[in-house]
Structure formats: C-alpha cells, structure tokens
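The lines below spell out each chain.
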Amino acid sequence: MGKIKAILFDMDGVLIDAKEWHYEALNRALNLFGMEISKYDHLHSFDGLPTKVKLQMLSEQSYLPESLHPFINQLKQQYTMEIINQKCHPMFHHEYALSRLKGEGYRIAVCSNSIRSTIETMMSKAMLDEYLELIISNEDVKRAKPDPEMYLTAMDKLGMRPEECLVVEDNPNGIAAGRASGAFVLPVDTVYDVNYENIIRKIKMCEGCL
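Residues numbered from 1 in each chain as written. Predicted model: local features only at pLDDT ≥ 70, side-chain atom pairs only at ≥ 80, totals over all residues. Heavy atoms only, no water.

Things to note about the sheet that holds strand S4 (residues 165-169)
Logical step 1: One open sheet holds the five strands; their spatial order is S3-S2-S1-S4-S5, and the pairing between them is parallel. Looking at the sheet topology across the chains shown, the edges are occupied by strand S3 (134-136) and strand S5 (184-187). Pairs of neighbouring strands in the sheet enclose a mean axial angle of 20°, with direction left out of account.
Logical step 2: Summarising the sheet, strand S2 (residues 107-111) and S3 pair through three bridges and their orientation is parallel. Opposite Val110, over in S3, you have Ile135 as the bridge partner.
Logical step 3: Lying on the sheet, helix H7 (residues 149-158) is in contact with strand S1 (6-9), S2, S3 and S4; it crosses S3 at an angle near 155°. (Pairing = 2+ DSSP bridges. Helix = DSSP H or I, 4+ residues; strand = E, 2+ residues; numbered from the N terminus. Axes fitted to C-alpha atoms, helices over the stretch in contact; angles between N-to-C directions. Contact = heavy atoms within 4.5 Å.)

See below:
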C-alpha cells in the first residue's frame, strides 16, 4: 500500500452544513416565477449539482424558459450570500481536524460544485481558509461532479497520483466523482462525521495499517 499525501474535501455537507442553504436560496428565486423544487427531488435528484445544471433539469422537466437561467442564477447567488452571512460560522472539530492534518504534512484542498466566490466566503467565515492549499470550483472545470474532472484537476495541480489522495464526500454525485478519479473515498453522512479521528482511521485503512 502507498502513502496518503493529500486530502480533497467537498464543501457543502462536508465542511459546511450548507445543503439546505442552497435549496432555500434557489427555491426563493424560483418562487418568483411560480416554481419550486420539492424536498424529495432535492434529496434524490438535485443534491450536489451546480445551479446551472439544476436549472437545465428544470427546463427539461418543467419547461422553465432557458432565457430566465442567468437571472435566476444571479438571484440564487445573492440569496445564498445573504444566508452565508447569517448562518456560516466556525466549527471547532473542523478547525481542529484541518489544523492537525496540515501540521502533519497532509496537503489540503476543497473541490466543490459551487462558484469560487461562494467557496472563498464560506471557507473564510468558517475560519478554514488558512489550512487550504488549493480550491477547485465549478468555474475551474468543464464538467462538474459526478464527472471526476474536478478531483483530477486538483491532483494535477498538487502533483499527486490518485492513490496518494483521500476524497471526503457526502452525496452520491461527489462519491461517484471521487471513485472515478481513482482516489480513495471517505463517505460521510453529516458534517459531524468529518473529524480528525475518522479521517486518520480511513487513511490508516487506505495505507493497510488497519
């Protein structure tokens, strides 16, 4: 077994408990046009996808005019930032985990289907930005998750091979992207599962120490 050298984190639902924020912000924008994504569809079809992909799906399924996409996307980002400023805050177990991991020499990146400005704002307000070596957003790739391009791009920029990387993900699209990249994957259910102990245990398993 090789040695894990880099940890690539998803953001929403992994480092930030923000999955409901995106749902709330997009529905707030869609409601202006008499549309809404149900909670069921959010959890089973839309979770983890970029806003532009969600809007395209709505156009195909519910005849949302494509001409409205830019305006709805802009509104959604505005509402998301309002919610971030109200609700985003540091979580000690995340600060502790990333601080220790960085101190032990692991290289740390965030790979998220969100736009870069949203990632940077959330990481700053969560006080995690100082531990990050790299951010990959949906603006840095042609194909968002579940395509592995985002994780492969991060590996390339870090100079890492897939078998040297651990991906931490919470939803099926992200888990599929991580596995397709060739990296090891740690699936988590909530942000509270993302802690130092769980990450180190997974690293030891990947390295054949457990």
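Side note on a nonpolar patch on the surface
Logical step 1: A surface patch of nonpolar side chains, about 290 Å² in accessible area, is lined by Leu32, Phe33 and Phe71.
Logical step 2: The topology assignment puts Phe33 in the loop between helix H1 (19-31) and helix H2 (39-46). (Patch = residues over 30% accessible without salt bridge, like charges linked within 9 Å, V, L, I, M, F, W, Y side chains within 5 Å. Areas by Shrake-Rupley, 256 points an atom, 1.4 Å probe, with all protein chains shown as cover. Salt bridge = Lys/Arg side-chain N within 4 Å of Asp/Glu carboxyl O.)

Notes on empty space enclosed by the protein
Logical step 1: As enumerated under the stated definition, the model contains two cavities of 30 Å³ or more in all.
Logical step 2: Estimates place the volume of the largest cavity at around 260 Å³.
Logical step 3: The wall of the largest cavity is formed by 22 residues, among which Asp12, His22, Gly48, Leu49 and Ser114 lie closest to the centre.
Logical step 4: At the level of secondary structure, the elements contributing two or more residues to the lining of the largest cavity comprise H1, helix H3 (51-62) and helix H4 (69-87).
Logical step 5: Among the residues making up the lining of the largest cavity, the classes are represented as three nonpolar, 12 polar and seven charged.
Logical step 6: Listing elements by their share of the lining of the second largest cavity, those giving two or more residues are H1 and H2.
Logical step 7: For the lining of the second largest cavity, the residue count by class is four nonpolar, one polar and one charged. (1 Å grid on protein atoms, 1.4 Å probe; cavity = no way out; pocket = protein on both sides within 12 Å on 5 of 7 lines; lining within 4 Å. Points joined across faces, edges and corners; volume = space filled by probe spheres on them. Nonpolar A, V, L, I, M, F, W, Y, C, P; charged D, E, K, R; others polar.)

What about the packing of aromatic side chains?
Logical step 1: Considering all chains together, one arrives at three aromatic pairs under this definition.
Logical step 2: Ring geometry for Tyr96 against Tyr196: centres 6.0 Å apart, planes inclined by 80°, an arrangement best described as edge-to-face. Within this pair, whereas Tyr96 is found in helix H5 (residues 92-103), its partner Tyr196 is found in helix H9 (residues 196-206), the two being separated by 100 residues in sequence.
Logical step 3: With a relative accessible area of 32%, Tyr96 lands in the partly exposed category.
Logical step 4: Members of the aromatic cluster, each reached through a chain of ring pairs, are Phe92, Tyr96 and Tyr196. (Phe/Tyr/Trp six-rings, centres within 6.5 Å; stacked < 30°, edge-to-face > 60°. Buried < 20%, exposed > 50% of the residue type's maximum accessible area, 1.4 Å probe, protein only.)

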